[in-house]
Amino acid sequence: MKREIVSKQYQHKGGFARVEQDNGGHLLVHCSGCRIEDYAAGMAPALAKLVAHVEK
């Protein structure tokens, strides 16, 4: 399923952390450096998870 980047990208542990949205409107926090994908129920929670992840 194709995804669109809907936030600013941050360098993190050799990769990029960002919020992506799929065709169904689902938001995911994705970090290629840590290899994580975490679902978020809205833009505000997704951005909060992104900031918390990058600040670790």
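Residues numbered from 1 in each chain as written. Predicted model: local features only at pLDDT ≥ 70, side-chain atom pairs only at ≥ 80, totals over all residues. Heavy atoms only, no water.

## Concerning the overall build of the protein
Assigned secondary structure in the protein consists of 1 helix and 5 strands. Walking the protein from its N terminus toward its C terminus, one meets helices and strands in the order β-β-β-β-β-α. Compactness check: the protein gives a C-alpha radius of gyration of 10 Å against a globular reference of 10 Å for 56 residues, within 12% of the reference. Along the first, second and third principal axes, the C-alpha set of the protein runs to 30 × 20 × 15 Å. Burial status across the protein gives 32% buried among its 56 residues. A separation of at least 24 residues holds for 20% of the contacts in the protein among residues at least 6 apart in sequence. Taken as a whole, the protein presents about 3700 Å² of accessible surface, with 52% of it coming from carbon and sulfur. The positive charge centre, built from 8 side chains, and the negative charge centre, built from 6, are 6 Å apart in the protein. (Helix = DSSP H or I, 4+ residues; strand = E, 2+ residues; numbered from the N terminus. Rg over C-alpha atoms; globule rule 2.2 N^0.38 Å. Buried < 20%, exposed > 50% of the residue type's maximum accessible area, 1.4 Å probe, protein only. Contact = heavy atoms within 4.5 Å. Areas by Shrake-Rupley, 256 points an atom, 1.4 Å probe, with all protein chains shown as cover. Lys, Arg positive; Asp, Glu negative; His and termini not counted. Charge placed at Lys NZ, Arg CZ, Asp CG, Glu CD.)

## A word on helix α1 (residues 43-54)
Taking 1.5 Å of rise per residue, the 12 residues of α1 would be expected to cover 16 Å, and the 16 Å separating its terminal C-alpha atoms lies within 8% of that figure. Those residues of α1 that fall on the buried side of the exposure criterion are Ala46, Leu50 and His53. End-on, the buried residues of α1 take up no more than an arc of 70 degrees, which puts them together on one face. Buried residues along α1 sit against β2 (10-12), β3 (15-22), β4 (27-31) and β5 (36-40). (Expected span 1.5 Å × (residues − 1). Arc of directions from axis to C-beta.)

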